[in-house]
Protein chains: 2
Amino acid sequence: MIPTELLEKYGALKKVFDKMAIIFEEGNLPAYYYQIVSGEVKMSNYNDDGREFIQGIFYKEQSFGEPPLFLNQNYPANAIAVEDSEVLLLSKNNFMKLLEENPSVSIKIIQNLAQRLYYKSVMAAEMSTQEPEHRVLKLMDHGIAYFNFQKDENGYLINFTRQQIGDLTGLRVETVIRTIKALEKKGVLKIINRKVYR
Amino acid sequence: MIPTELLEKYGALKKVFDKMAIIFEEGNLPAYYYQIVSGEVKMSNYNDDGREFIQGIFYKEQSFGEPPLFLNQNYPANAIAVEDSEVLLLSKNNFMKLLEENPSVSIKIIQNLAQRLYYKSVMAAEMSTQEPEHRVLKLMDHGIAYFNFQKDENGYLINFTRQQIGDLTGLRVETVIRTIKALEKKGVLKIINRKVYR
DNA sequence: TCCATTTTATGACTTTAATCATAAAACAGA
DNA sequence: TCTGTTTTATGATTAAAGTCATAAAATGGA
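Residues numbered from 1 in each chain as written. Chains lettered and ligands numbered in written order. Predicted model: local features only at pLDDT ≥ 70, side-chain atom pairs only at ≥ 80, totals over all residues. Heavy atoms only, no water.

A. Molecular detail of the sheet that holds strand 6 (residues 63-64) of chain A. Residues and elements named next belong to chain A. The four strands lie next to each other as 1-8-3-6, forming an open sheet whose pairing is antiparallel. Each edge of the open sheet is held by one strand with a lone partner, namely strand 1 (13-17) and strand 6. The sheet contact formed by strand 1 and strand 8 (residues 85-91) spans five bridges and is antiparallel. Counterpart to Phe17 in the pairing with strand 8 is Ser85. (Pairing = 2+ DSSP bridges. Helix = DSSP H or I, 4+ residues; strand = E, 2+ residues; numbered from the N terminus.)

B. Structural view of the packing of helix 5 (residues 132-146) of chain A against helix 6 (residues 162-169) of chain A. Residues and elements named next belong to chain A. Two elements in contact, helix 5 and helix 6, have axes separated by 10 Å at closest approach and are oriented at 105 degrees. Here helix 5 is positioned roughly perpendicular relative to helix 6, judged by the angle of their axes. Residues Arg135, Val136, Leu139 and Met140 of helix 5 touch helix 6, and the partners they reach there are Ile165, Leu168 and Thr169. (Axes fitted to C-alpha atoms, helices over the stretch in contact; angles between N-to-C directions. Parallel < 35°, antiparallel > 145°, perpendicular 65-115°, else oblique. Contact = heavy atoms within 4.5 Å.)

C. Seen up close, the protein's contact with DNA strand D. Close to DNA strand D lie 17 residues; Arg162 and Lys181 of chain A together with Pro132, Arg172 and Thr175 of chain B are nearest. Each atom of DNA strand D within 4 Å of the protein belongs either to a base or to sugar and phosphate, the latter forming 75%. Taking Lys181 of chain A, its side chain carries an N or O atom lying 2.5 Å from a phosphate oxygen of DNA strand D. Interatomic distance of 2.9 Å between a side-chain N/O atom of Arg178 of chain B and a base oxygen of DNA strand D. (Near = heavy atom within 4 Å. Polar contact = N/O pair within 3.5 Å; in protein donor to acceptor, adjacent residues only side chain to side chain.)

D. Spotlight on the protein's contact with DNA strand C. If you check the shell around DNA strand C, you find 16 residues, and the closest are Arg172, Thr175 and Arg178 of chain A together with Arg162 and Lys181 of chain B. In the model, a base nitrogen of DNA strand C is placed 3.2 Å from a nitrogen or oxygen of the Glu174 of chain A side chain. For DNA strand C, a phosphate oxygen lies 2.2 Å from a polar atom in the side chain of Thr175 of chain A. Contributions of two or more residues to the surface near DNA strand C are made by helix 7 (173-185) of chain A together with helix 7 (173-185) of chain B. Top element by residues in the surface near DNA strand C is helix 7 of chain B. It accounts for four residues. When its residues are assigned to classes, the surface near DNA strand C shows three nonpolar, four polar and nine charged. (Nonpolar A, V, L, I, M, F, W, Y, C, P; charged D, E, K, R; others polar.)

E. Seen up close, the nonpolar core. Judged by nonpolar contacts, the single largest core of 42 residues is most densely connected at Ile2, Phe95 and Ile109 of chain A together with Phe95 and Ile109 of chain B. Every residue in contact with Phe95 of chain A, bar those within four places of it in the chain, is listed here: Ile2, Tyr33, Leu69, Phe70, Leu90 and Ile109 of chain A. If you look at the next biggest cluster of nonpolar residues, it comprises 26 residues, including Met140, Ile158 and Leu168 of chain A together with Ala125 of chain B. (Core = buried A, V, L, I, M, F, W, Y, C linked by side-chain atoms within 4.5 Å. Buried < 20%, exposed > 50% of the residue type's maximum accessible area, 1.4 Å probe, protein only.)

Following this line, the structure appears as C-alpha cells:
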C-alpha cells in the first residue's frame, strides 16, 4: 500500500517469517508498522478452549495491525504467517514521521481502514443473523472482491479450506461442510473435486 | 471530533432529526460527512425477517458513516436518530477539501476509524465464540470505556435496554434477560430495580 | 390521571448447530 | 514410495439458544 521505496527511505527493514511463525501476539503493545512483501498473514484470536477466530487474512502489499498502533492499545489478536512471508517493518516513530511528511499517505491509510471497517460491518451483520448459508456466502462474495481469488472456467475458486471458512464465520467445520453441500444443491456454487467455485 | 467552527467554515449545515427519523439508508450512496451536535444516533441493519442488528451507537461530537464516503460505496447500514438529534452535514467535496487543507484532521479521522475497527475486532471475536455471557459482558465493558455510561454508588449504569443489548450482540431479548440474570447470580453485575450496574 | 406502549420477565417447547465418533481421500515431507 | 497429517465427509446425539405464549411492571403521552 505504501511504496516500498518510501518505507525503506524511512528505515523500514525486511524480515522473513516462516510458515506458522508468530509476528506479534495478542496483548502486546505495538511497536511497528507491518506491510507484506510476499506471502500470507492471518490475524486471529484463540478463545479459552482453543477455538480460533480469524479476524482477517492479508496478502502482498497489504498492511496489518495499524489500529492498535495508532491508539497505543494492546493488540486484540495474534498475527501469524500462513505461508513463508517477507514483511517490511517500520518503527512507530519513523512511521509517524513518514505520515506527517507525506500527507497523501494518510488518505491511503484512511481508505484502507475504511475498507476493513466496511468488511467488519458487513460480516458482523451477517454473523448476527445466525444462518450459516448467509454467512458462508457473504464471506465468499466478499473474498471475490477483496481477497485474491482467481477466476477460471468454473467461476471463482474459493481458496479457503472448510476449516478457514469456519474460523472466519464462527462456524464449526462440519457445519461449513454441510452448508457448502446444501448451497451446491441449491445451485449457488459448484464443488469440483472438493474445491469450491462461485 | 472535528471542531464545529472548522466544519462551519467549510459550509457545514446543522440539521435536526426527530427521534426515529432516518438519516441515511442502507444501499444509498454517501453524499455527506455527518457529525452529531446533540442527541443519539444508531447505525443498524434489518435482515429479511425484520430482525435488527445494531452496528454502533453514536453520541455528541462523534461522526458516523465515513467509511462508505471514503470508498464511494453504498451504505452497508441505516442511520437512525435514537433521540431528537442535531447533526452537522458537510458535503463530500467540501469535506475532502477540509481534509486536504487541514492535515491534522486526517490523523483524527485515522484514530477514530482505528478505534471503531478495534471495537469491531473485539466484538467479532466475542460473537463468534457464541457464549451469551461472554458477549454481553464484553459489550458492557466496552460500553464503559467508549459509550457514555455514568458511574454512581452502585457501579456503572448500563443504560441500554435488554433489546438493545440483544441487537448489539446478535442475541434475542429473552436470552439477554436470562443471561443477565445468570450473570447477576454469578455476582459479576448488579440488577437494581431492573437497571443493570457493572 | 389514565391508557397504550414498551420493557422486563418466565415457562414450555422446538429447532439447529455443536459435539462426538469414525473414516476415506488428499497432501506433504522424509 | 511410504507414512503421518490435514482436509473433507457423514451419521447419531446433545445442548443451548430461539421461538412462542403470556403477563406484570414501568414508562410516556394525551
